[in-house]
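Structural characterization, general
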Amino acid sequence: LKSYGDIPVTQMPAKTQSQYISFTLHYIEKNYMNMGMIDDIADRLNISGRYLSKIFSQYMNISLGNYINVYRINRAIELMDTTTLTFTEISGMIGLKDSQHFSKLFYNIIGTTPSQYKKFILKRK
């Protein structure tokens, strides 16, 4: 990808924006379990993390940080649904530092605790 530095997003060609977004989405899919992803992605695109976040928010209508968190929680839900892993194991696998952070994030996104959600899954089966 050609680097545009940190020129105003409005001056960046639409094709370049969509390439940045496409690269970012693919990178998240493959690396969601790693911390510090925004800076890693930005480094690979030769732009700043703030600039990448700005492009992403304008293009996707969700902040990059929130998108990553929602992506991680969706992976966690898959793991809760298909494995017997503990919340501590799951939080490590999705790139969160501990199960408290996981529970808080899960609650903020899903509106229920991981344990309440897991009970709901088990009832369904």
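Note: the structure precedes this text.
Starting from 1, residues in each chain are numbered consecutively following that chain's sequence as written. Given that this is a predicted model, residues contribute local features only at a pLDDT of at least 70 and side-chain atom pairs are listed and counted only at 80 or more, while totals for whole chains, interfaces and linings are drawn from all residues. Based on all heavy atoms of the structure, the side-chain values leave hydrogens and waters out of the count.

Moving on, we get to unusual backbone geometry. Note: most residues except glycine have negative phi, and most peptide bonds are trans. Even without being a glycine, asparagine 46 presents a positive backbone phi close to 60°. Checked against the element boundaries, asparagine 46 lands in the loop between α2 (37–45) and α3 (49–60). Notably, asparagine 61 is not glycine yet its phi reads approximately 65°, a positive angle. Put simply, DSSP marks the helices as runs of H or I at least four residues long and the strands as runs of E at least two long, and each gets a number from the N terminus on. One can find asparagine 61 in the loop between α3 and α4 (64–82). Relative accessibility thresholds used throughout: buried, under 20% of the residue-type maximum; exposed, over 50%; partly exposed, between the two (1.4 Å probe, protein chains only). Residue asparagine 61 is classed as exposed on the basis of its relative accessible area of 73%.

Among the surface-exposed residues, Val70, Ile109 and Ile110 lie close enough to one another that they form a single nonpolar patch of about 180 Å² accessible area. Looking at where isoleucine 109 falls in the secondary structure, it is placed in helix α6 (residues 99–110). Exposure above 30% relative accessible area and no salt bridge define the residues that can form patches, which grow by joining like charges within 9 Å and nonpolar side chains of Val, Leu, Ile, Met, Phe, Trp and Tyr within 5 Å. Only the protein chains shown count as cover for residues, with accessible areas throughout obtained via the Shrake-Rupley method and a probe of 1.4 Å. Think of a salt bridge as a Lys or Arg side-chain nitrogen and an Asp or Glu carboxyl oxygen that are within 4 Å of each other.

Moving on, we come to the pattern of salt bridges. Following the criterion strictly, the structure yields two salt bridges and no others. For glutamate 29, the salt bridge identified is with lysine 30, shortest N-O distance 3.9 Å.

With that settled, the discussion passes to the nonpolar core. Counting residues in hydrophobic clusters, the biggest one holds 30 residues, and the most contacted among them are Ile28, Ile47, Leu52, Met80, Ile94, Phe102 and Phe106. Those elements that place two or more of their residues in this core are α1 (14–31), α2, α3, α4, α6 and α7 (114–124). It is α4 that provides the largest number of residues to this core, a total of eight residues. Take the buried residues of types Ala, Val, Leu, Ile, Met, Phe, Trp, Tyr and Cys, join any two whose side-chain atoms come within 4.5 Å, and each joined set is a nonpolar core.

Structurally, serine 91 is set in helix α5 (residues 87–93). A polar contact is formed between the side chain of serine 91 and the backbone oxygen of threonine 88, at a distance of 2.9 Å. Setting aside anything within four residues of it in sequence, one finds serine 91 in contact with Leu96, Asp98, Ser99 and Phe102. Each polar contact in these results corresponds to two N or O atoms within 3.5 Å; when the atoms are within protein, one needs to be able to donate a hydrogen and the other to accept it, and residues that are neighboring in sequence are counted only if both atoms are side-chain atoms. Contact criterion: two residues are considered in contact whenever any of their non-hydrogen atoms come within 4.5 Å of each other.

Before going further, it helps to examine α6. Given 3.6 residues per turn, any residue in an α-helix points the same way as the ones three and four places further on. Between its terminal C-alpha atoms α6 stretches 16 Å, which fits the 16 Å expected from twelve residues at 1.5 Å a residue. Within the span of α6, buried status applies to Phe102, Leu105 and Phe106. Each buried residue of α6 lies within a common arc of 105° when the element is viewed along its axis, so the set occupies one face. Across from the buried face of α6, at angles greater than 90 degrees, the exposed residues are Gln100, Lys104 and Asn108. Among the residues of α6, the N-terminal cap falls to aspartate 98, whose side-chain oxygen and the backbone nitrogen of glutamine 100 are separated by 3.1 Å. One fewer than the residue count of a helix, multiplied by 1.5 Å, yields its expected span. Arc, as used here, means the arc of the directions from the helix axis to the C-beta atoms.

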